[in-house]
Amino acid sequence: MRQSTHWRVTVTAPKGRESQDWRLVLRPPFGAVDEQGKLHRVRRISSRTTDRALAAQKAATLSARLNAGAAPAKDLTFLEVMERHIAYREANGKTSKSTITNYRYARRSLAPFLGNLRGSELTEATIILARDQLERTLKPNTLIVRFNCAAHAWKWAYRREYVTAPWPKGIERPLAEPTDKRPYKEQEIQQILDWLEEHLDGRWLPFFTVLADSGCRVHELCQLRGRDVDREGARFFVARAKSGKPREFSLPPETMALVPEAVGDERVFKPIRPYYRDRLLRSRVVLQVLRRAFKALEFPDAHLLDVHSFRRRWISRSLRTGTPLPVSMKQTGHRSTKVHLDYQARTVDDDTQDAVRRLRASRLAHRASSGVSLPEEGEPPNSRKTAPLSLAQTFC
């Protein structure tokens, strides 16, 4: 719904059997208050006519009378929209500093191409031209974030009638570059947990153990509260996951025993000095601890590992050990099968060689049980004459 700066009066069809008159819907300006300081609400009144054309004429007359003396709709430039939206996000206090920084980078990157354009001048062709110019200097993933911020700010301004035209639709996004990150090996996870057991008296060990055994995202674990933990059922709940819906995670009993005690809205995992001095635990602090572990353990390819690699390894191991796909997707919160299976494809072990060896061993065992003599090790396959194989043995 558009958050207009003017009164809007629309006509709706009659409802019910009592009246056949067309109705007028009065929608107030965004944030408008009455004489008592209360917000105006949407009102529905009767037009007192059964003729739609006459009802529309009354709606236009009423709209002109309500908006008499109101300031005309503005048409800000792209740069003014970005500045106003950044100021709005800074004032509401609900936006993180990293998100505000992304909007500032978007303003700085797109200002040379779109800065002076207004709503009527911002077309699909101008945006594509700016995208083609920035593709020479920015990576695809960075470019996607910049244009997403710009589109969101412009839609925010259009809902408030700061601009006269919406953000153009149908613009093809740049292809995201594939990630080069990989999941952890089992010995790497064990090395990290052993190092955390000695680091700062093991205060970080419960957090990373839960992260490795649950497959959840790091920010979901940072926001975990005492009321979300079910110790008897060895599980915990995330009230608002990435998809916006609540999720449930199961844990091994020995891992649940490591989870700190918390009551009510108290955070389960709190920041630990000297890493952070704030009262809330953030994802960047977890990554800082992990990088110290990489440095102490001297991992040769630490640049290919991050906090999300715990989640990659959990998904890969769950699928390789026979966990049903719906169960694995429910635990991790993935709605797309393609995305979920992509985690399994990025394993560090030589899965193809293991598959070939297992298939060869199964094939030889089946042929041996069928009474077919096999060549000795190092002997050419066709050096020993054997009896003709049956049809069933031929396809084994």
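Residue numbers here run from 1 along each chain, matching the order of that chain's written sequence. Restriction of local features to residues with pLDDT of at least 70 applies here, the model being predicted, together with a cutoff of 80 or more for giving and counting side-chain atom pairs; totals for whole chains, interfaces and linings are based on all residues. Water and hydrogen atoms were dropped before computing side-chain values, which therefore reflect all heavy atoms in the structure.

**Quick word on the overall build of the protein**
Test applied: In this text, helices come from DSSP runs of H or I with a minimum length of four residues, and strands from runs of E with a minimum of two, each type numbered from the N-terminal end. The contact rule is simple, with two residues in contact once any of their heavy atoms fall within 4.5 Å. For accessible areas, the Shrake-Rupley method is used with a probe of radius 1.4 Å. Any residue's cover is judged against the shown protein chains and nothing else.
When its secondary structure is counted, the protein shows 15 helices and six strands. Taking the contacts inside the protein whose residues are at least 6 apart along the sequence as the reference set, 60% of them involve residues at least 24 apart. In the form shown here, the protein has an accessible surface area of approximately 24900 Å², with 51% of it arising from carbon and sulfur atoms.

**Details of the pattern of salt bridges**
The cut-off we apply is this: Here a salt bridge means any side-chain nitrogen of Lys or Arg lying within 4 Å of a carboxyl oxygen belonging to Asp or Glu. A simple rule labels every residue: compare its accessible area, found with a 1.4 Å probe on the protein chains alone, to the largest value its type can have, and call it buried under 20%, exposed over 50%, or partly exposed in between.
Under the criterion given, the structure shown has 15 salt bridges. Among the salt bridges present, the one from K270 reaches E266, with a minimum N-O distance of 3.0 Å. Among the residues examined, K270 registers a relative accessible area of 40% and is labelled partly exposed.

**A few points about the packing of aromatic side chains**
We count it as follows: Between 30 and 60 degrees the pair is tilted, below 30 it is stacked and above 60 it is edge-to-face, where a pair is any two Phe, Tyr or Trp rings, Trp via its six-membered ring, whose centres lie within 6.5 Å.
Inspection of every chain in the model, using the stated rule, returns 13 aromatic pairs. Their ring planes at 40° and their centres at 5.6 Å tell us that F294 and F299 sit as a pair that is tilted. The class for F294 is buried, based on a relative accessible area of 6%. Among the aromatic residues, ring-to-ring pairing joins Y184, W204, F207, F208, F269, F294, F299 and F310 into one connected group.

**Here's the deal with helix α1 (residues 52-66)**
We apply this condition: Here the expected length of a helix is defined as 1.5 Å per residue gap, with one fewer gap than residues. The arc refers to the directions leading from the helix axis to the C-beta atoms. Here a polar contact is taken to be a pair of N or O atoms separated by no more than 3.5 Å, where protein atoms must pair a possible hydrogen donor with a possible acceptor and residues adjacent in sequence count only if both atoms sit in side chains.
Compared with the 21 Å implied by 1.5 Å per residue over 15 residues, the 21 Å span of α1 between its first and last C-alpha is a close match. The set of residues buried in α1 consists of A55, A59, L62 and S63. For α1, the buried positions fall inside an angular range of 100° around the axis, keeping them on one side. Away from its buried face, by an angle of more than 90 degrees, α1 presents the exposed residues A53, Q57, T61, A64 and R65. Buried positions along α1 lie against β1 (8-12), β2 (23-27) and β3 (43-46). Its side-chain oxygen placed 3.3 Å from the backbone nitrogen of A53, D51 serves as the N-cap of α1.

**A word on the state of the cysteines**
As used here, a disulfide is simply a covalent bond connecting the sulfur atoms of two cysteines. Heads up, the condition is: Only a pair of cysteine sulfur atoms within 2.5 Å counts as a disulfide in this structure description.
Applying the stated criterion across every chain yields a total of zero disulfides. This cysteine, C216, is not joined by any disulfide, and C222 carries the nearest cysteine sulfur, 9.0 Å off.

**Quick look at the nonpolar core**
Short version of the rule: In this text, buried Ala, Val, Leu, Ile, Met, Phe, Trp, Tyr and Cys residues form a nonpolar core when linked through side-chain atoms within 4.5 Å.
Counting residues in each nonpolar core, the largest one holds 41 residues, and the members touching the most others are L196, W204, F207, F208, L211, L221 and F236. Looking at this core, the elements that each hand over two or more residues are α6 (186-198), α7 (205-214), α8 (218-222), β5 (235-238) and α10 (283-297). When sequence neighbours within four positions are dropped, the list of residues in contact with F236 reads V210, S214, C216, L221, L224, D228, V229, R247, E248, F249 and L251.

**Quick look at the sheet that holds β2**
Quick note on the threshold: If DSSP finds at least two bridges between two strands, the strands pair. Where helices are involved, their axes are fitted lines through C-alpha atoms of the stretch in contact, as for all axes, and angles between N-to-C directions lie from 0 to 180°.
Strand order across the open sheet formed by three strands is β1-β2-β3, with antiparallel pairing between neighbours. The open sheet terminates on both sides in strands that have one partner only, identified here as β1 and β3. Adjacent strand axes in the sheet meet at a mean angle of 25° when their direction is disregarded. Bridge analysis of β2 against β3 gives four bridges, and the strand direction is antiparallel. By the bridge assignment for β3, V25 is matched with R44.

**Things to note about the sheet that holds strand β4 (residues 229-230)**
With antiparallel pairing, three strands are arranged side by side in an open sheet as β4-β5-β6. Edge strands, defined here as strands with exactly one partner in the open sheet, are β4 and β6 (247-250).

**Section: helix α2 (residues 78-92)**
In this model α2 runs 21 Å from its N-terminal to its C-terminal C-alpha over 15 residues, within 8% of the 21 Å that 1.5 Å per residue would give. Buried residues of α2: F78, V81, M82, H85, I86 and R89, and no others. Projection of α2 onto a plane perpendicular to its axis shows the buried side chains occupying an angular sector of 130°, all on one side. Lining the buried residues of α2 we find α3 (97-114) and α5 (140-159). Backbone geometry just after α2 places G93 at a positive phi near 75°.

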